[in-house]
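Observations on the three-dimensional arrangement
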Protein chains: 2
Amino acid sequence: MRRTSHSRVNCPIARSLERIGDSWALLIVRDAFFGLRRFEDFQERLGIPPTTLARRLRELVAAGILERLPYQERPVRYEYVLTRKGTDLHPVLLGLLAWGNRHYAPAGPIVEVARTSTGERVRPVTVDAATGERLRGPEFRFVPGPGASGATKAWLEERGERPFQSPR
Amino acid sequence: MRRTSHSRVNCPIARSLERIGDSWALLIVRDAFFGLRRFEDFQERLGIPPTTLARRLRELVAAGILERLPYQERPVRYEYVLTRKGTDLHPVLLGLLAWGNRHYAPAGPIVEVARTSTGERVRPVTVDAATGERLRGPEFRFVPGPGASGATKAWLEERGERPFQSPR
């Protein structure tokens, strides 16, 4: 988290990774999605050294991904809950889930997404919200947005003509 | 990459993070998507210490994410190209891109996806491939797949009734 400084870099991926470019951070967020809230529960589930857990939780709170809320007075005890910014990480975790299922689960997918009402398995894919078209192939490309610096614009101009490579 | 060992854990996210749970690894993959192939080009673009870059490239090749190919004889020089397993990481990078654009780009998105033919901006969303329905809310949940261990099944049974929280 503090090991490298990417936040000055004009790239949204680098800026994201500065906050969550650490396995423990993302595993804490994963378990927060599954409803864990308390220090002891994260520690037990993750088998993480307590000092590392304390540091990661502090960093996730500082980044606005988790909120620290008192759940008990005398003595005050705190729990950690995902903020909206935290729940916005759902697609990242879903991407990691799909990749792990595909490449590191020789006995078949470990965790899948299902429709609650029918139990049917669901295959998540990324599409254009407006048209529903799958995002892949040369019809899609990366372009500079309003926040792009001159250097980013030049980089994308030089490199951005490459087809958007989406796997499936 | 070697710092923690999550691969024995019966979780696809943990197994993914063991290979790419490192900022530099994902930034190398990002730039490989943009067509960088050579050691010097990664080094220049990333400002990464050469020993770190060499180690990360070795690990990414060992993980089957990059392939190391000779591009010159006498002396032999190598370049690094994404494998299919590497391009399968596209949705993860897209998720990080969206999150960074949303939360760390005060002047507006830095890099966006556009339709090549019209230049129109595209908003990527995750849907069920079969129905096109957005994956969010209580209609979707995580369930054990064929590769789930007994412990994973128990964990999901205990926790899996939670609604699938997808942000937008």
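Below, the structure is looked at part by part. Predicted, not measured: the structure shown is a model, and the values here were computed from it.

1. Points about the sheet that holds strand β6 (residues 140-144) of chain B
The antiparallel open sheet is built from three strands, whose spatial order is β4(A)-β3(A)-β6(B). The sheet terminates laterally at β4 (121-122) of chain A together with β6 of chain B, the two strands that pair on one side only. Here strand β3 (residues 111-115) of chain A runs beside β6 of chain B; their pairing, made up of five bridges, is antiparallel. Among the inter-strand pairings, Ala114 of chain A is bridged to a residue of β6 of chain B, identified as Arg141 of chain B. Packing against the sheet, helix α7 (residues 150-159) of chain B makes contact with β3 of chain A together with β6 of chain B, and its axis sits at approximately 155° to β6 of chain B.

2. Side note on the nonpolar core
Of all hydrophobic cores here, the largest spans 90 residues; its most connected members are Phe42 and Leu96 of chain A together with Phe42 and Leu96 of chain B. The residues touching Phe42 of chain A, leaving out its near neighbours within four places in the chain, are Ile28, Asp31, Ala32, Leu36, Arg37, Gly47, Ile48, Leu53, Leu57 and Tyr80 of chain A.

3. Points about the packing of helix α2 (residues 23-33) of chain B against helix α4 (residues 50-62) of chain B
Residue and element names in this part refer to chain B. It is the contact of α2 with α4, at a shortest axis distance of 10 Å, that shows an interaxial angle of 75°. Judged on the interaxial angle alone, α4 and α2 are roughly perpendicular. Contact with α2, carried on its side by Trp24, Ala25, Ile28 and Val29, involves Thr52, Leu53, Arg56, Leu57 and Leu60 of α4 and no other residues of that element. Taken together, the residues of the contact of α2 with α4 sort by class into seven nonpolar, one polar and one charged.

4. A few points about the packing of aromatic side chains
Applying the stated criterion across every chain, the model contains six aromatic pairs over all chains. Measuring from ring centre to ring centre gives 5.5 Å for Trp99 of chain A and Tyr104 of chain A, while their planes differ by 65°; the resulting arrangement is edge-to-face. Comparing Trp99 of chain A with Tyr104 of chain A shows no difference in burial state: the two are buried. Here a set of aromatic residues connected by ring pairs shows up, and it is made of Phe34 of chain A together with Phe142 and Trp155 of chain B. Sitting over the face of the ring of Tyr78 of chain A, Arg68 of chain A holds its NZ or CZ atom 3.6 Å from the ring centroid. Residue placement shows Arg45 of chain B over the ring face of Trp155 of chain A; its charged tip is 3.6 Å from the ring centre.

5. Things to note about the environment of Phe39 of chain B
All names here are of chain B. By the secondary structure assignment, Phe39 is in helix α3 (residues 39-46). Overall, the relative accessible area of 22% leaves Phe39 in the partly exposed class. Along the sequence, Phe39 and Ala63 sit 24 residues apart, while their C-alpha atoms lie 18 Å from each other.

6. Concerning the relation of the copies chain A and chain B
With an RMSD of 0.0 Å, chain A superimposes on chain B once it is rotated by 180° and translated 0.0 Å along the axis. Between the two chains, the operation in question is that of a two-fold axis. Considering only C-alpha atoms, the part of chain A nearest the rotation axis is Thr126 of chain A, at 2.2 Å.

7. Some details on the interface of chain A and chain B
At the interface, 93 residues of chain A touch 93 residues of chain B. Summed over both partners, the interface of chain A with chain B buries about 8,900 Å², with 63% contributed by carbon and sulfur atoms. Inspection of the region where chain A meets chain B yields eight salt bridges. Close ionic contact of Arg102 of chain B with Asp88 of chain A constitutes a salt bridge, the shortest N to O distance being 3.5 Å.

8. So, the environment of Leu46 of chain B
Residues and elements named next belong to chain B. Tracing the chain through its elements places Leu46 in helix α3. According to the relative accessible area criterion, Leu46 is buried, its value standing at 12%. C-alpha separation for the pair Leu46 and Trp24, spaced 22 residues apart in sequence, amounts to 8.5 Å. Beyond its immediate sequence surroundings of up to four residues, Leu46 is in contact with Trp24, Leu27, Ile28, Arg30 and Asp31.

9. A closer look at the pattern of salt bridges
Where charged atoms from two side chains of opposite charge come close, those side chains can pair. Per the counting criterion, the structure on display carries 30 salt bridges over all chains. A salt bridge links Glu59 of chain A to Arg56 of chain A; the nearest nitrogen and oxygen atoms lie 2.9 Å apart. Here Glu59 of chain A pairs with Arg56 of chain A, and both are found in helix α4 (residues 50-62), just three residues apart, close to one helical turn. Given a relative accessible area of 9%, Glu59 of chain A falls into the buried group. Taking relative accessible area as the criterion, Arg56 of chain A reaches 8% and is therefore assigned buried. Among the ionic pairs, Arg77 of chain B bridges to Glu40 of chain B, the shortest N-O distance being 3.0 Å. On the criterion of sequence distance, the pair formed by Arg77 of chain B in strand β2 (residues 77-82) and Glu40 of chain B in helix α3 is long-range, its members being 37 residues apart. With relative accessibility at 32%, the residue Arg77 of chain B sits in the partly exposed group. We classify Glu40 of chain B as partly exposed; its relative accessible area is 36%. Look at the salt bridges and you will find they share partners, linking Arg115 of chain A together with Asp128, Glu133 and Glu139 of chain B into a network.

10. Quick notes on the sheet that holds strand β4 (residues 121-122) of chain B
Picture the strands of a sheet paired through backbone hydrogen bonds; they go either parallel or antiparallel. Reading across the sheet, the three strands line up as β6(A)-β3(B)-β4(B) and stay open at both edges, with antiparallel pairing between neighbours. Looking at which strands have only one partner, the edges of the open sheet turn out to be β6 (140-144) of chain A together with β4 of chain B. Set on the sheet, helix α7 (residues 150-159) of chain A makes contact with β6 of chain A together with β3 (111-115) of chain B; between it and β6 of chain A the angle comes to about 155°.

Cut-off values and rules
For every chain, the first residue of its written sequence is number 1, and the numbers climb from 1 along that sequence. Each chain gets a letter, beginning with A, and each ligand a number, beginning with 1, in the order they are written. Local features are withheld for residues below a pLDDT of 70 in this predicted model, meaning they are given only at 70 or higher, and side-chain atom pairs are given and counted only at 80 or more; totals for whole chains, interfaces and linings count all residues. The side-chain figures draw on all heavy atoms in the structure; neither hydrogens nor water molecules are used. Whether two strands pair comes down to DSSP finding at least two bridges between them. A run of H or I in DSSP becomes a helix once it reaches four residues, and a run of E becomes a strand once it reaches two; helices and strands are each numbered from the N terminus. Two residues qualify as a contact provided that any one of their heavy atoms is within 4.5 Å of a heavy atom in the partner residue. Think of each axis as a best-fit line through the C-alpha atoms, taken over the contacting stretch in the case of a helix, with angles from 0 to 180 degrees between the N-to-C directions. Residues grouped as a nonpolar core are buried Ala, Val, Leu, Ile, Met, Phe, Trp, Tyr and Cys residues, joined through side-chain atoms within 4.5 Å. Each residue gets one of three labels from its accessible area relative to the maximum for its type: buried under 20%, exposed over 50%, partly exposed in between, using a 1.4 Å probe on protein chains only. Each angle gets one of four labels, with under 35 degrees taken as roughly parallel, over 145 as roughly antiparallel, 65 to 115 as roughly perpendicular, and the rest as oblique. Ten residues, namely Ala, Val, Leu, Ile, Met, Phe, Trp, Tyr, Cys and Pro, are considered nonpolar, four, namely Asp, Glu, Lys and Arg, are considered charged, and the remaining ones, Gly among them, are considered polar. Any two of the Phe, Tyr and Trp rings considered here, Trp counted by its six-membered ring, make a pair once their centres fall within 6.5 Å; the pair's planes then place it as stacked at under 30 degrees, edge-to-face at over 60, or tilted in between. The rule is short: NZ of Lys or CZ of Arg within 6 Å of the ring centre and within 35 degrees of the ring normal puts a charge over the ring. Least squares is the method used to superpose the copies, on C-alpha atoms of residues holding a pLDDT of at least 70 in both. Note: buried area is the sum, over both parts, of the accessible area (probe 1.4 Å) each one loses when the two are combined. Salt bridges are defined by distance alone: a side-chain nitrogen of Lys or Arg within 4 Å of a carboxyl oxygen of Asp or Glu.

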